Amino acid sequence: MAMLGSLLLFIMFSMGNTEVDLPYPVGIDKNCHYGWTPFGDRCYKFFSQSISWIAAERKCIDQHANLASVHSELENDFLLSLVPSSKRCWFGVHDGVQEGAWLWSDGTPYDYTNWCADEPNNINVENCGEISWTSDRCWNDAGCSASVGYVCAKDL
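As annotated in an unreviewed UniProt entry, the protein chain carries the name C-type lectin domain-containing protein and is attributed to Onychostoma macrolepis.

Below, the structure written as C-alpha cells:
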C-alpha cells in the first residue's frame with residue numbers, strides 16, 4: 001500500500017495542478033459531519049438525551065469532542081441557538097477540581113462567562129455548568145448528577 005501511495009503522489013505532483021482521487025484521505029476534512037453545525041473553527045451538536053454531566057462528557061469524547069466551551073458573546077448566542085428554549089443542557093464548564101475555580105473540560109482558557117444573576121452559588125454542591133436555565137438563557141451551576149441534554153463541540 002505504501003508503494004501504491006508513493007506512486008500516486010508522484011503521479012499527482014508530476015501532473016501539476018491536476019486533481020487525483022487517492023484511495024485514502026489526505027489532509028483534514030474542513031466540513032462538519034452530518035448533524036453537526038459549524039461555527040468558527042469548531043462543529044457543535046445538541047443532544048436531547050438527558051444524562052449526567054460526566055456521562056455527557058464521555059459521550060462527547062466518544063464523538064471525538066468535548067462538552068462545548070464558550071469564549072465570546074457571539075459563540076454563546078450561537079450555542080443558545082442550538083438549544084430549544086425550554087431545555088436545560090450541559091456544557092463544558094466545571095469547578096470540580098477546586099470550588100470556584102471554573103475550568104473548561106476541553107482545556108481551553110476560561111475567558112468568558114454568562115452566569116445568571118447570583119450564580120454560580122454552589123447550593124447543595126453544584127460543580128457543573130448548565131446553559132439555558134431560565135428565560136434569561138444564562139448559565140447556572142448545577143449538581144453534576146442531574147440529568148439534562150448536552151452540547152458537544154469539536155475542532156474542524
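Text resumes after the structure shown.
**Student:** Explanation requested: the pattern of salt bridges in the structure shown.
**Tutor:** A side chain of one charge can pair with a side chain of the opposite charge if their charged atoms are brought near each other. Enumeration over the complete set of coordinates arrives at three salt bridges. With its nearest N and O atoms 2.4 Å apart, the salt bridge here joins R42 to E75. Within this pair, whereas R42 is found in strand β2 (residues 42-51), its partner E75 is found in helix α3 (residues 73-82), the two being separated by 33 residues in sequence. Owing to a relative accessible area of 8%, E75 belongs among the buried residues under this scheme. We note a salt bridge from R42 to D106, for which the minimum N-O separation is 3.3 Å.

**Student:** Can you help me understand helix α2 (residues 53-62) in this one?
**Tutor:** In an α-helix, one turn spans 3.6 residues; hence positions three or four apart end up facing the same way. Buried within α2 we find W53, A56, E57 and C60. Buried residues of α2, viewed axially, fall in a sector of 100°; they line one side. When the buried face of α2 is taken as reference, the exposed residues oriented beyond 90 degrees from it are R58 and D62. On its buried face, α2 is in contact with β2, β3 (66-67), β4 (89-94), β6 (128-131) and β8 (148-155). Remark: H64 follows α2 within two positions and exhibits a positive phi of approximately 60°.

**Student:** When you look at the packing of aromatic side chains in this model, what are you seeing that I'm missing?
**Tutor:** How two aromatic rings sit relative to each other is set out by the distance from centre to centre and by the angle between their planes. Taken as a whole and judged by the stated rule, the model has twelve aromatic pairs. Centre to centre, the rings of Y44 and F78 are 5.1 Å apart; their planes meet at 70°, and the pair counts as edge-to-face. Taken together, the residues span a long stretch of sequence, with Y44 in strand β2 and F78 in helix α3 at a distance of 34 residues. Centre to centre, the rings of W102 and W115 are 4.8 Å apart; their planes meet at 55°, and the pair counts as tilted. Pair noted here: W102 is in the loop between β4 and β5 (103-104) and W115 is in the loop between β5 and β6, with a separation of 13 residues, a long-range link. The exposure class assigned to W102 is buried, which follows from its relative accessible area of 8%. Taken together through their ring pairs, the aromatic side chains of F91, W102, W104, Y110, Y112, W115 and W139 make up a single cluster. We note K154 situated over the ring of W36; from NZ or CZ to the ring centre the distance is 4.3 Å.

What counts and how
- Residues numbered from 1 in each chain as written.
- Predicted model: local features only at pLDDT ≥ 70, side-chain atom pairs only at ≥ 80, totals over all residues.
- Heavy atoms only, no water.
- Salt bridge = Lys/Arg side-chain N within 4 Å of Asp/Glu carboxyl O.
- Helix = DSSP H or I, 4+ residues; strand = E, 2+ residues; numbered from the N terminus.
- Buried < 20%, exposed > 50% of the residue type's maximum accessible area, 1.4 Å probe, protein only.
- Arc of directions from axis to C-beta.
- Contact = heavy atoms within 4.5 Å.
- Phe/Tyr/Trp six-rings, centres within 6.5 Å; stacked < 30°, edge-to-face > 60°.
- Lys NZ or Arg CZ within 6 Å of the ring centre and 35° of its normal.

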